[in-house]
Amino acid sequence: ACMALSYIAVYVNPSKFAVPLFFGLYFIPILVINLILFFIALICKSKSAWIPIVVLLPSLLYAESFFKIDNDSDVQREGIKLKIETYNTGMFSSSRKAHNRTFVLKMIERQVARNNPDVLCLQEAFMENKEYVKEIFPEFKYRVYHLYPVKNGHYFGNIILSKFKINDGGRISFRHSTNLALYADIEHYGKILRIYDNHLESYNISFTSLVQRLGSERRNDQEEFTSDLINVHAKVKGTVIRRSNQANIIAGHIKRSPYPAIICGDFNDTPMSYAYHMLSKDRKDSFRESGKGFAATFSYLWPLLRIDYVLFPTDFESVSHVTIKSSMSDHYPVVTELVI
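Residues numbered from 1 in each chain as written. Predicted model: local features only at pLDDT ≥ 70, side-chain atom pairs only at ≥ 80, totals over all residues. Heavy atoms only, no water.

Visitor: It is not clear to me how the overall build of the chain should be interpreted in this structure. Could you clarify?
Guide: Helices and strands together make up the secondary structure of the chain, namely nine helices and 14 strands. Relative to the compact-globule value of 20 Å for 340 residues, the chain shows a C-alpha radius of gyration of 21 Å, a close match. Considering only C-alpha atoms, the chain reaches an extent of 65 × 50 × 35 Å along its principal axes. Residues counted as buried form 51% of the 340 residues belonging to the chain. Of all intrachain contacts in the chain linking residues separated by at least 6 positions in sequence, the fraction that spans at least 24 positions is 70%. (Helix = DSSP H or I, 4+ residues; strand = E, 2+ residues; numbered from the N terminus. Rg over C-alpha atoms; globule rule 2.2 N^0.38 Å. Buried < 20%, exposed > 50% of the residue type's maximum accessible area, 1.4 Å probe, protein only. Contact = heavy atoms within 4.5 Å.)

Visitor: Can you walk me through the pattern of salt bridges in this structure?
Guide: Side-chain pairing between opposite charges can occur once the charged atoms of the two side chains come close. Under the definition given, this model contains six salt bridges. When the shortest N-O distance is used, the salt bridge between Asp185 and Arg194 registers 2.6 Å. Each member of the pair Asp185 and Arg194 is classed as buried. A salt bridge links Glu201 to Arg242, with the shortest nitrogen-to-oxygen separation between them at 3.6 Å. (Salt bridge = Lys/Arg side-chain N within 4 Å of Asp/Glu carboxyl O.)

Visitor: Got a minute to help me understand the sheet that holds strand β3 (residues 119-127) in this structure?
Guide: Neighbouring strands of a sheet are bound in pairs by backbone hydrogen bonds; such pairs are parallel or else antiparallel. Taken in spatial order, the six strands line up as β4-β5-β3-β2-β14-β13 in an open sheet, and their pairing is mixed. With one partner strand each, in any of the chains shown, β4 (142-149) and β13 (317-323) form the two edges of the open sheet. Across the sheet, the axes of successive neighbouring strands diverge by a mean angle of 15°, strand direction being ignored. Pairing between strand β2 (residues 81-88) and β3: five bridges, direction parallel. By the bridge assignment, Glu85 is partnered in β3 with Leu120. In the packing of helix α5 (residues 101-115) onto the sheet, the strands contacted are β2, β3 and β14 (334-339), and the crossing angle to β2 comes to about 160°. (Pairing = 2+ DSSP bridges. Axes fitted to C-alpha atoms, helices over the stretch in contact; angles between N-to-C directions.)

Visitor: Where do I start with the side chain of Thr270 in this structure?
Guide: Take Thr270: it is sitting in the loop between β9 (261-266) and α8 (274-280). Judged by relative accessible area, Thr270 falls into the buried class, the value being 8%. If we ignore the near neighbours within four places in the chain, the residues touching Thr270 are Gly24, Tyr276, Leu305, Arg306, Ile307 and Tyr309.

Visitor: Any chance you could explain the pairing of β2 here in plain terms?
Guide: A regular strand places its side chains on the two faces of the sheet in alternate fashion. In terms of burial, β2 is a largely internal element, six of the eight residues being buried. As defined by bridge partners, β2 adjoins β14 across six bridges and the pair is classed as antiparallel. Each bridged residue has a counterpart across the sheet, and for Ile84 the counterpart in β14 is Thr336. Remark: the β2/α5/β3 crossover connection has right-handed handedness. (Right-handed = clockwise from strand over helix to strand, strands pointing away.)

Visitor: Would you take a moment to explain the sheet that holds strand β7 (residues 180-188) for this structure?
Guide: Read across the sheet, six strands follow the order β6-β7-β8-β9-β12-β10 without closing on themselves; strand pairing throughout is mixed. The open sheet terminates on both sides in strands that have one partner only, identified here as β6 (166-173) and β10 (283-285). Neighbouring strand axes in the sheet, compared pairwise and without regard to direction, differ in orientation by 20° on average.

Visitor: For this particular structure, what's the right way to read the nonpolar core?
Guide: As a rule of thumb, soluble globular proteins bury nonpolar side chains together. Counting 43 residues, the largest nonpolar core has Phe137 and Ile262 as its most contacted members. Here the element with the most residues in this core is β3; it accounts for seven residues. Ignoring any residue separated from it by four or fewer positions in sequence, one finds Ile262 in contact with Leu82, Ile84, Leu193, Arg194, Ile195, Tyr196, Val310, Leu311, Phe312, Pro313, Phe316 and Leu338. Formed by 20 residues, the second largest nonpolar core is a distinct cluster that contains Ile250, Ile263, Phe267 and Tyr309. (Core = buried A, V, L, I, M, F, W, Y, C linked by side-chain atoms within 4.5 Å.)

Visitor: I'm lost on helix α3 (residues 27-43) in this one. Help?
Guide: Residues spaced three or four apart along an α-helix face the same direction, because each turn holds 3.6 residues. Taking 1.5 Å as the rise per residue, α3 with 17 residues should run 24 Å; its terminal C-alpha atoms sit 25 Å apart, in good agreement. Every buried residue of α3 is listed here: Phe27, Ile30, Leu31, Asn34, Phe38 and Ala41. Each buried residue of α3 lies within a common arc of 100° when the element is viewed along its axis, so the set occupies one face. Close packing links the buried residues of α3 with α1 (2-8), α2 (19-25) and α4 (50-56). Lys45 occupies a position one or two residues after α3 and carries a positive phi of about 55°. (Expected span 1.5 Å × (residues − 1). Arc of directions from axis to C-beta.)

Visitor: Explain the packing of aromatic side chains here, please?
Guide: Two descriptors summarise a pair of aromatic rings, namely the distance from one centre to the other and the angle between the planes of the rings. Under the defined criterion, the tally for this structure stands at eleven aromatic pairs. With a centroid separation of 5.6 Å and 20° between ring planes, the pair formed by Phe27 and Phe66 is classed as stacked. Of this pair, Phe27 sits in helix α3 while Phe66 sits in the loop between α4 and β1 (67-68); the two residues are 39 residues apart in sequence, bridging distant segments of the chain. Judged by its relative accessible area of 3%, Phe27 falls in the buried class. In this structure an aromatic cluster arises from ring pairing among Tyr7, Phe27, Tyr62 and Phe66. (Phe/Tyr/Trp six-rings, centres within 6.5 Å; stacked < 30°, edge-to-face > 60°.)

See below:
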């Protein structure tokens, strides 16, 4: 029943019916439990082994969203290439080794130079002043950005940087949120493409601190821990509903786009979510097309969480997809090369 609800979570808008969203969130643990039950049934030579087999079969449809054994990225395809990188930089302050912002930005600039993308989509980019956004990554001549003010006169937000000319651009903002989506229309060898740089609603809670409490001296206080767990899931529910509504807004904007759209960014949701389903509808996923190994892009709880994506029209091809294990943020940068 849990496995079935996790499949349903992809198609059900949480604002209409919220129960399946939690099962979609725990898709991997539920899958593992069913696998364990299957092997126990085999060892015990139980006829009930057919139950986990039946419920696990549909998971094969989603397996390549999390892990790929092989790909055909070496196949040469005709067309003009476009290399895109998407990266949630964590305000340049989420380094796993607690480096300062100046050092992190310098390391990210070097990494971007090595990857040499044509288009760079950043989320949670931190700026000491608005003018500085025009100076970073000087190899990109064109840029679209929107920055929100934070304390001490600093700013953060999304930035699209392009080596191709940007004809137009703008932002999609959400009520009562500093998360947003940017778009930029770039000229790519006579064809205009629209790039979306998304940062959907984040979980404004600490799963890490909750897990740490499991091993703390307070672990015997079951009632208090249960209360915390209920509160966390209440916040998760509200966050997922907001994120799903944001995905609907972006999907509506994409539908009205006069140009082919490439959708990048941090969705803060797994492939077993309504938000991903809405934004990937009738599109290809670069990891599913040309990735290899584990797909996770969030460094904590690796390899379970893939929440950063590059999605593109079905008549485009993806010839490479790389998730770079960088320690400069709590997210990993994703670099993919498309053939238009």
